[in-house]
Amino acid sequence: MFCEKAYTLIKELSRSEDTLPPYNTELVTAVINETKHLRDQNEEDAHTSNNDDSNAGTSLLPTVRIRHAAVKRNVRCLLAYHYNRIRCLRTMRWEFGSILPADIKSNLSASEIEWFSRYSRTLAAYMRSIGEEGVNLAVDLRPPKAMYIEVRCLTDYGKFELNDGSVILLKKDSRHYLPRAECEELIRQGVFQHID
Amino acid sequence: MNIDIDINFSDNLEASVDEDDEIQLTPAEAIALMEEAWINEKFAPEILPHKLELVECLLGQISYMEDNLRSLNSTDFKKIIHQLEVDRLRFLISSYLRTRLEKIETYVMPILDEENERIQQGVELYLTKQELKFAKDFAEDLQHHFDNITTTRLPREEWNQECVKPNIHSFVFLKSKEEVEGIVIDDGNDEDGDLVDLNRGSQMIISYKSVANLVKNGDVHLI
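These numbers were taken from a predicted model, which means no experiment stands behind them.

1. Observations concerning helix α6 (residues 110–129) of chain A
No. 1: In this model α6 of chain A runs 29 Å from its N-terminal to its C-terminal C-alpha over 20 residues, within 8% of the 28 Å that 1.5 Å per residue would give.
No. 2: Buried within α6 of chain A we find Ser 111, Glu 112, Trp 115, Phe 116, Tyr 119, Ser 120, Thr 122, Leu 123, Tyr 126 and Met 127 of chain A.

Next up, the structure:
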């Protein structure tokens, strides 16, 4: 069946909602090859029907149309697959910052890694250009409720310097009462857990 | 297709100051305007005209307040309260700018097209210079990424230009600040729309397209 592979590609992506599955090079290539094959066949048939004035020429029309629809659908699916992966990557840029964790990076295609670094650069340039000194939009993601929050440290992070210059030692399972603004990034990185 | 919830209650917080005029705003008024812009931006399906002056004015306010805070003793209770206030303000602005960025990313092609049209007509632009640059770079990166997949192995197809557009007919809640008469209800069907009048302070659910202009010139605000 035409387009079955493209459909599998989309299904694979939509099944894993929050995580990014490995880039399916094999299937993408297969879909592209199928599309190419269909196009070649169409071109051939179009050529035949142009040269042939008899009924045989027009009888090819339905076949050509169906192939054309299949090509269209394949391209659409390919774009949807790539676009939605990009959207997911974009969310990760906001969550993890400009450096991707290695396990996610291994799931990306070369072009996606390139896109990610370009996006990071564009975003950073934009954030620098707001106001006089620039604004970091990646912090203050949630409306602040209280100045200080209680957090539990999940890993042996080591020393951490606060904005006022004091240094605290973050050990696994230790609890701290810290300014929210300074914890936010560590919470997102999974170093801290917020205790309500 | 619209439901008029005619609740008339006085709202003292409304500051109907026209930003085009150079009017001195108190910080409280500026914050109220910013909040309104933020909520409008959050609920409107399309991108709204930028409020660069307001944002810059408040950013200046923030750094001024932070300078003052630094001189306070860190054990002072007042400092904590003020710091929280600064944080809230900062959240307001970042969230506003983030919302705009999200819209720019999602609807990058239509937004760029509309913006180009505005440049050609010489009317006021909706994006700030920085946002426009961001939008252009973003569009270019995306195109580059798609080209990597398609053109190396497939000739570029004409139909890959079908892109996401904002649904300007989606329904929004609004509250009126002025008396507005004769709004044509435009819900995307080709039928002749009914007319509706808005009283000051009345609330309504209506398709966004019908009131887009009113939201932009500040006669109504979204809730």
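2. Quick word on the nonpolar core
No. 1: Ranked by size, the top nonpolar core spans 70 residues in total, and within it Trp 115 and Leu 137 of chain A together with Leu 97, Leu 101 and Ile 104 of chain B carry the most contacts.
No. 2: With residues near it in sequence (within four places) discarded, Ile 104 of chain B still touches Ile 47, Ile 111, Leu 127, Glu 131, Phe 134 and Ala 135 of chain B.
No. 3: Ranked by size, the runner-up nonpolar core spans 18 residues in total, among them Val 172, Ile 206, Val 215 and Leu 222 of chain B.

3. Quick notes on the UniProt feature "domain: DNA replication complex GINS protein PSF1 C-terminal" (unreviewed entry) in chain A
No. 1: The UniProt record marks residues 145–195 of chain A with the feature "domain: DNA replication complex GINS protein PSF1 C-terminal" (unreviewed entry), using the residue numbering of this structure.
No. 2: Along residues 145–195 of chain A one finds 18% helix and 45% strand; the C-alpha atoms at either end are 14 Å apart.

4. Details of the packing of aromatic side chains
No. 1: All told, the structure shown has eight aromatic pairs over all chains when counted by the stated rule.
No. 2: Each ring, one from Trp 115 of chain A and one from Tyr 119 of chain A, has its centre 5.0 Å from the other, and the planes form 5 degrees; the classification is stacked. With Trp 115 of chain A and Tyr 119 of chain A both in helix α6, this residue pair falls four residues apart, about one helical turn.
No. 3: The exposure class assigned to Tyr 119 of chain A is buried, which follows from its relative accessible area of 0%.
No. 4: Relative to Phe 138 of chain B, the ring of Phe 134 of chain B has its centre 6.1 Å away and its plane inclined at 20 degrees; by these criteria the two rings are stacked. In this pair, Phe 134 of chain B and Phe 138 of chain B are both assigned in helix α5 (residues 129–153), four residues apart and thus about one turn of the helix distant.

5. Here's the deal with the interface of chain A and chain B
No. 1: If you look at the interface, chain A gives 43 residues, while chain B gives 35 residues.
No. 2: Taken together, the two surfaces of chain A and chain B that pack against each other cover about 4100 Å², and 67% of this comes from carbon and sulfur.
No. 3: The tally of links from chain A across to chain B stands at three salt bridges.
No. 4: Close ionic contact of Arg 90 of chain A with Glu 105 of chain B constitutes a salt bridge, the shortest N to O distance being 2.0 Å.

The rules behind the values
Residues numbered from 1 in each chain as written. Chains lettered and ligands numbered in written order. Predicted model: local features only at pLDDT ≥ 70, side-chain atom pairs only at ≥ 80, totals over all residues. Heavy atoms only, no water. Helix = DSSP H or I, 4+ residues; strand = E, 2+ residues; numbered from the N terminus. Expected span 1.5 Å × (residues − 1). Buried < 20%, exposed > 50% of the residue type's maximum accessible area, 1.4 Å probe, protein only. Core = buried A, V, L, I, M, F, W, Y, C linked by side-chain atoms within 4.5 Å. Contact = heavy atoms within 4.5 Å. UniProt positions renumbered as here; feature names shortened; annotations may be inferred. Phe/Tyr/Trp six-rings, centres within 6.5 Å; stacked < 30°, edge-to-face > 60°. Buried area = accessible area lost by both parts, 1.4 Å probe. Salt bridge = Lys/Arg side-chain N within 4 Å of Asp/Glu carboxyl O.

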